[in-house]
Amino acid sequence: RARVRVTPGPMASPEKPSIGRTLSSMATFASSRVHEGENRVVHVTTGDANIGYHHKGNAISTGKYNPATFFPKGLYEQFRRVANLYFLSVAIISLFDAISPIKPYTIWSPLCLVVGLSMAKEAVEDYQRHKQDHEQNTSLTERFDGVSMTQCEWRDIKAGDIVRVVRDQSFPCDLVLLASPLDDAVCYVETKNLDGETNLKLKRGVEGCGACGARGEKGLKALKALAGVIDDGRTNGDVPNAPTAATSSTRSSSLLARTSSLLRSTSRRQEPAVDPPGARVECEHPNNSLYTFTGNLDVPRDAYDGPLTEDDLADPTRKKKVSLVPYNVLLRGSSLRNTEYVFGVAIYAGHDTKVMMNSSAAPSKRSQIELGMDRVVLLMLLLLLGMGTVTAIVCGVWIKDSSRRAWYLRTSEADMVFNPSDAPLVGVVAFLTSYVLYGYLIPISLYVSLEFVKVMQAAVFINRDRRLYHAETDTPMRARTSNLNEELGMVHVVLSDKTGTLTCNSMEFFKMSIAGGSYGAGVTEIERAVAKRNGNPLPPPPAVDARGNKIKSGPIEPGFNFRDDRVEDGAWMRLPDKDVFRDFFRVLAVCHTVIPEGEPTPETVCYQAESPDESAFVVAAKRFGFFFRARHTSAIEVDEPSSDGTSTSTKRFEILNILEFNSTRKRMSVIARTPEGSIVLYCKGADSVIYERLGFVAGGQAHAAATQAHMDDYAASGLRTLCLAKRDLSESEYASWNETYTAAAQSLEKRDEKIDACAEVIETELELLGATAIEDKLQDGVPGCIEQLMRAGVAVWVLTGDKQDTAINIGQACSLLREDMDVHVININDLIKLESDRAISKEDFDKRGRASVAAQIKKGIAACDDCSARERDMGVVIDGRSLAFALEPTLAPDFLSLGTGCVSVVCCRVSPLQKALVTGLVKDSGKITLAIGDGANDVGMIQAAHIGVGISGQEGMQAVMASDFAFAQFRFLERLLLVHGRYNYKRVSRMVTYFFYKNIAFGLTLFAYNLETRASGQVVYNDWLMSAFNIFFVSLPVLALGCFDQDVNQKSCVQFPHLYKQGQENQCFTTKTQLFWALNATYVSVVTYFFVFYGVHAGEADTKDGHAFGLWEVGTTMYTGIVLTINLQMAQMINYWTWVQHCAIWGSILIWYACNAILSDTDRYWSTYSFQIFTPTVAPTPKYWTATPLIVFVALLPDLIVRASRRLFRPEAHHLVQEYERLDKRLRASGAREDDKGAGAEALAAAEAGAAAGPRAKAASGGATEAGTPIKPSQVGAEVRATPPPSRQKSAAGDEDGDSGGVRRASEEEGETDSRRSSAFSSRRSSLDRKGPGHRRRASAERIDVEQLSGNLRNYEGMLRAMEKQGLDVGAQARRGTEHSAVGASAAAASRASTATHSRDSSVISEPEAVSEEPYPAAPTDVDEKKKDEDESRDAS
């Protein structure tokens, strides 16, 4: 394949430049097609050798528009909305005077205003994007021009350039690192802007290219050789004998010939006949994978200074092929740190870079209210079309049959609009006229108003809420989108990660098992929490040790909280298994990718680790005497104690290979040459993968069973366990394997799979050394938050990678699995043991495992129905292997049916792929899902859920960047949902229904009058006043409602979490609610119309001089009644009055009168029909002022009666809480407040009972007494239990002064009150929740039948298809490793059997492989219940 090199040349003919450029671009296009292939080829050059490959330039543009596309594209975006498209059609029809009943400018003005505001917002946002792009594109860097490094802008960089980046600068494109001034050509990189991680990453230069970074002539010579610069100054991209002006015609004909040849040869791919003299990169095509890279670099021998093989020595002219790995790549978006400068080759530029490939828009999410609003808009449009059809029929029939009798109208002389001889055409014209006239049924300002309110809710109330601010990390709350504000108030299921989400992800080395012995003293926080919840609190830790020394509380140093005199201070060297201890500590010190910073002393060194686990292991090794002091490209240095412990020396471990950790392998290995000269493989990983790779020893390895038992004990304490192992390799064995590994590492196709296959070969016959146990403490307030969410009716699913025992204990510690619920455990441990022992085949395991999981799910469904009948909560725990079967299409509906009937579900050993799939499955149940996580492995789950929440923790910012809302602590979720979510739901839903109410009320008056005039299209209102209806007269109160309304105060939202169920059941936006408002609007319009036309102005004199009002005066009276009624209807709706509401409502009414007065005295041309109407005629008339309040009273009376009756006889939950708040305020004002005594306690109990019962609460006859009289618990439905009041002790930050009772602030920032206060009293309340007549379920977990789910899992099936297209296997991770080894399976089963009796009040059902037919445990007897209540009462005391 001939490589075509096209260079325009600086001396091209000036006479016909366009021909040369055109032919050159054609040749470039053809060349780009020639060079398309499986791999990307980039020549290192200072010329144009890569022009034929058509690589993208380095300039970027993230803007949505440009000057040419802004108006067409912007208008298209605006008119994609149904309402805007409708108004555009109305505006177009209004241009025809014969059809339109109103002036065109009265339609175009509001339409242009609404669309213009939206487009202006788009323009401002896009301008900011273009401004940021320009700043990046014009940033300066340096590149090699063949002679020296010259300064250039980022946009001038192209693929193949050699670039130099200096300290603290960002990388302008994706580079292959060639050299740096540090030892072994390494550099430090910060990727905070890329993935949010602040810890530094170590990058390594390409082997053998270190000379490029040398100073002086040596470095320049290496750069020239790398770029292919030859002696005469030309490069491999220069074209010899560049054309002059005299040869322009020859050049053009030559270009034409080459272009034709290229266009004919695009169907076949050819390599260049002669390879350019410079280096060449062959790599994968641009993709969005930040952490993978596959490629090779062919280095000229003059630029290579690394080791050579015999084949290389045999052919000195052959380029040296070096494999490239992710550690060699510097990505755009990251910055150089702690390194003076680096040299690199640009491989991906501009939009080809990985960070730009990842900048695709997140999945579009819309709330259920918005989707419902769209449906209502469509219904209103259908109503409008129906009304238009009725109008057309009435008009056509009247024109045909009755118009001639109205001789004074002279219809026989009329044009097509009222031509009696062509009734069908008249009907069509009447339809178009009514299409314009009835347009007020569609609220044109709805979308703009809704967007304004949502931005206010997100930017002002949520983002600035001080109680969602985490001071320790200086992390405020961030609403990254405002589209889902109201969705926060409708959540049914929370799906959460564990590590870093429920826990701190701040790892501390706590215990270890070495050579069959368990070491480490102390009790974990999770153990204490579980014991406390079980009613057996553990004593506090001792203050002094055995020697009388004071014991320091907390970790000894960050990452290390281990105490055991048997191994501390070198005591391990006196133990008989000291060689095993030494190997164990060597694994901790050598098998990692940690980077040490600072002075290499134990006191001053700072470790930069990719995960908190690795940092904890290296710190632990240091504490035990194995100090990791330095890392080089191919070696690390560790200070080790001597065998007798009398001295310490620095040992050098030569790192031969690193087999990296990933979520599929679940292990990491390092092959090193030890200081003794032997080759050893050090490995650490999950027990599920290490045990199956242990070397076979008759009777099992010496300490395998004991280590497994220790790990089960650690897991039961909530610790994270990891196995450590080693393998000694011979020189020949390693050499043979390394040859295969090197070939796999240099492969450009399926490199990762080939490397994993090589790792499988070498990571066998391992020798078990022991296990570690890391403590990851629960975050503050997690148990209380989960308790509150469950009381609010929110089910919680935890998707974790932990072992089953660990998950169960952590679930108990954080109130996920409580004493008062049944827990159904699904696992197939017995089958796993048989598979590990090779007693059954893989096919038999799959068949029996699938059948076992199906039977256990069926049994769980039966148990769930039984719990529901007994009003008892239920939870499910399922392990990873069982989950892989449960997520298969045949079992997914059954598993989902079981999960929907549980208040908590714990999925163990879950892969990131399974997290997303489980989320999609739960989403298919019709429940609103919220996914919360903190790491990159949670991104799929976050994007799959209705709402994604990211926690900015220790694992970077990828979860935050993919989320809709972000904060620092899980406990903030309580306030986000129960306060902000509930407020936003009620505000937005009531706002939308009110919008349609006011437009229906106004539009139907036009419809009624049009029918009165025989559908002639005559209007009764002034054109300007009609246009101002939605913009000035009724818009402000609805904005105030959407921003500030509160039915109960914030403290009550948290104190009575059952109020949240109003949003879950969508009570404010149901079809029934919408129908009620539509009927109310119809009543208002009918009453107003008939009251005005047939009551107030029925024909008698209206003025004192005996004149009757004309059309426009009567229209003014009717318009006044509509405006006042709609605004005062809002006054009846508002629960929370502030000055904003007063200004909005009374101000809107004043604006109405002011507009009438202004139009009345304005020139006739502008005021049209309002000229001299209001001021001289209507305003002086007493009848007008007398009739207006009567119209308003009659129109509002039914709604007032309905509201009062509902509050008196069928009070909702928030009505009862409002009564409590009112009484609480009065008692506080009188100084007679006592928390647990008197009427206040009774009102609180009634409010709690009503909130818990929700819509089922029914007041007894006469239950609603005069204001101030407390509602007693007996007045609420007999089936409802009154919960005793929680404690109200003041926190350290003080009480919520200004937020109690009816006194509430308009802003939702009410001072610095302890955010964990609600969690504290909610946990104290939990032990009391079971009192009263029978147990009441805390969460609304209603199981969905399997038949209802089957065939309706659209999200789940779509995700499965997408995974199949990408070749992903959902169960691969679970199948790659076993839950326990053959040695430890029986111990694990015993441990889980003991867990079944973890408390006297919980039922943990652990299913064996053979599914028994035993009935589900019967409900406890009355005697048992009585005894249990007595025990609980004693515990509560």
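One can find the structure itself at the top, above this paragraph.
Since this is a predicted model, take the numbers as computed values, not measurements. (Residues numbered from 1 in each chain as written. Predicted model: local features only at pLDDT ≥ 70, side-chain atom pairs only at ≥ 80, totals over all residues. Heavy atoms only, no water.)

Novice: I keep staring at the overall build of the protein and nothing clicks. Help me out?
Specialist: Each helix and strand counted, the protein has 48 helices and 34 strands in total. Going through the 1437 residues of the protein one by one, you find that 56% of them count as buried. For the protein, the share of sequence-separated contacts (at least 6 apart) that also reach a separation of at least 24 residues comes to 76%. When the accessible surface of the protein is split by element, carbon and sulfur atoms take 55% of a total near 58,600 Å². (Helix = DSSP H or I, 4+ residues; strand = E, 2+ residues; numbered from the N terminus. Buried < 20%, exposed > 50% of the residue type's maximum accessible area, 1.4 Å probe, protein only. Contact = heavy atoms within 4.5 Å. Areas by Shrake-Rupley, 256 points an atom, 1.4 Å probe, with all protein chains shown as cover.)

Novice: What's the story with the sheet that holds strand E20 (residues 627-631) in this structure? I'm lost.
Specialist: In sheet architecture, strand pairing relies on hydrogen bonds along the backbone and comes in two forms, parallel and antiparallel. Here 9 strands make up an open sheet; going across it, the order is E17-E16-E26-E25-E24-E23-E22-E21-E20 and the pairing antiparallel. Two strands lie at the open edges of the sheet, namely strand E17 (517-519) and E20, each paired on one side alone. Recorded for the sheet is a direction-independent mean angle of 30° between the axes of neighbouring strands. The pairing of strand E21 (residues 635-641) with strand E22 (residues 648-659) spans 7 bridges and is antiparallel. Among the inter-strand pairings, Ile-636 is bridged to a residue of E22, identified as Phe-653. Across the sheet, helix H18 (residues 731-746) lies against E22, strand E23 (667-673), strand E24 (679-685) and strand E25 (720-729), angled at about 45° from E22, the strand it touches most. (Pairing = 2+ DSSP bridges. Axes fitted to C-alpha atoms, helices over the stretch in contact; angles between N-to-C directions.)

Novice: Whenever I open this one, the packing of aromatic side chains confuses me. Can you help?
Specialist: Within a pair of aromatic rings, the relevant descriptors are the distance that separates the centres and the angle that separates the planes. Applying the stated criterion across every chain, the model contains 52 aromatic pairs. Centroid distance Tyr-997 to Trp-1077: 5.2 Å. Interplanar angle 70°. Geometry classified as edge-to-face. Of the two residues, Tyr-997 is situated in helix H29 (residues 972-1012) and Trp-1077 in helix H35 (residues 1071-1096); the sequence distance between them amounts to 80 residues. Of the two residues examined, Tyr-997 and Trp-1077, each falls in the buried class. Aromatic rings pair up to connect Phe-509, Tyr-519, Phe-560, Phe-562, Trp-572, Phe-581, Phe-584, Phe-585, Phe-624 and Phe-626 into one cluster. (Phe/Tyr/Trp six-rings, centres within 6.5 Å; stacked < 30°, edge-to-face > 60°.)

Novice: When you look at helix H11 (residues 423-437) in this model, what are you seeing that I'm missing?
Specialist: Because each turn of an α-helix spans 3.6 residues, side chains separated by three or four positions end up pointing in the same direction. In this model, H11 (15 residues) spans 20 Å end to end at C-alpha, consistent with the 21 Å of a helix rising 1.5 Å per residue. Among all positions in H11, only Ala-423, Val-426, Gly-427, Val-429, Ala-430, Thr-433, Ser-434, Tyr-435, Val-436 and Leu-437 are buried. Summarising the contacts, the buried residues of H11 are in contact with helix H3 (82-93), helix H10 (368-401) and H29. (Expected span 1.5 Å × (residues − 1).)

Novice: Please explain the environment of Ile-947 as it appears in this structure.
Specialist: Structurally, Ile-947 can be placed in strand E32 (residues 947-951). In this structure Ile-947 comes out as buried when scored by relative accessible area, which is 0%. In this structure, the C-alpha to C-alpha distance between Ile-947 and Ile-928, residues 19 residues apart in sequence, is 8.2 Å. Sequence-distant contacts of Ile-947, defined by excluding residues within four places in its chain, comprise Lys-365, Leu-484, Glu-487, Leu-488, Val-491, Thr-929, Leu-930, Ala-931, Ile-942, Asp-964 and Phe-965.

Novice: I keep staring at the nonpolar core and nothing clicks. Help me out?
Specialist: Note that soluble globular proteins tend to have their nonpolar side chains buried in a common cluster. Of all hydrophobic cores here, the largest spans 157 residues; its most connected members are Leu-930, Phe-965 and Leu-973. Per element, the largest residue contribution to this core is 20 residues, and it comes from H29. Excluding its chain neighbours within four sequence positions, the residues that come into contact with Leu-930 are Leu-488, Val-491, Val-493, Val-494, Leu-495, Ala-945, Ile-947, Val-949, Leu-973 and Leu-977. The next biggest cluster of nonpolar side chains, apart from the first, holds 50 residues, and it includes Ala-863, Phe-885, Cys-907 and Ala-945. (Core = buried A, V, L, I, M, F, W, Y, C linked by side-chain atoms within 4.5 Å.)

Novice: Just to check I follow, could you spell out the environment of Tyr-127 for this structure?
Specialist: Counting through the fold element by element, Tyr-127 comes out in helix H4 (residues 104-137). Judged by its relative accessible area of 53%, Tyr-127 is exposed. In this structure, the C-alpha to C-alpha distance between Tyr-127 and Asn-66, residues 61 residues apart in sequence, is 9.3 Å.

Novice: Would you mind going over the sheet that holds strand E10 (residues 320-324) with me for this structure?
Specialist: Taken together, 4 strands build an open sheet; the order of strands is E1-E8-E9-E10 and the sheet is antiparallel. Each edge of the sheet is formed by a strand with only one pairing partner; in this case those strands are strand E1 (40-43) and E10. When strand polarity is set aside, the average angle formed by the axes of neighbouring strands in this sheet is 20°. In this sheet, strand E8 (residues 280-283) lies alongside E1 in antiparallel orientation, the contact comprising 4 bridges. When the bridges of E8 are listed, Val-41 appears paired with Glu-282.

Novice: Sorry if this is basic, but what is going on with the pattern of salt bridges here?
Specialist: A side chain of one charge can pair with a side chain of the opposite charge when the charged atoms of the two come close. For the structure shown, the criterion picks out 66 salt bridges. For Glu-486, the salt bridge is made with Lys-454, and the minimal N-O distance between the two is 2.9 Å. Placement of Glu-486 in the loop between strand E14 (478-479) and strand E15 (493-496) and of Lys-454 in helix H12 (residues 446-462) is noted, with a sequence separation of 32 residues between them. The exposure classification of Glu-486 matches that of Lys-454, with both residues buried. Beyond isolated ion pairs, a larger network of salt bridges with shared partners links Arg-665, Arg-667, Glu-692, Arg-693, Glu-760 and Glu-763. (Salt bridge = Lys/Arg side-chain N within 4 Å of Asp/Glu carboxyl O.)

Novice: Whenever I open this one, the side chain of Thr-593 confuses me. Can you help?
Specialist: Summarising the element assignment, Thr-593 is placed in the loop between helix H14 (578-590) and strand E18 (595-597). Within the structure, the side chain of Thr-593 is placed 3.2 Å from the side chain of Glu-614, a separation counted as a polar contact. Leave out the neighbours within four places in its chain, and Thr-593 touches Tyr-327, Glu-610, Glu-614, Arg-631 and Met-668. (Polar contact = N/O pair within 3.5 Å; in protein donor to acceptor, adjacent residues only side chain to side chain.)

Novice: What exactly am I supposed to notice about the pairing of strand E5 (residues 174-179) here?
Specialist: Among the 6 residues of E5, 6 are classified as buried, and the element is accordingly described as predominantly covered. Where E5 and strand E13 (residues 341-348) come together, 5 bridges link them in antiparallel fashion. Bridge pairing links Leu-177 to Gly-344 in E13. In terms of strand pairing, E5 meets strand E11 (residues 329-330) through 2 bridges, oriented antiparallel. By the bridge assignment, Leu-175 is partnered in E11 with Leu-330.

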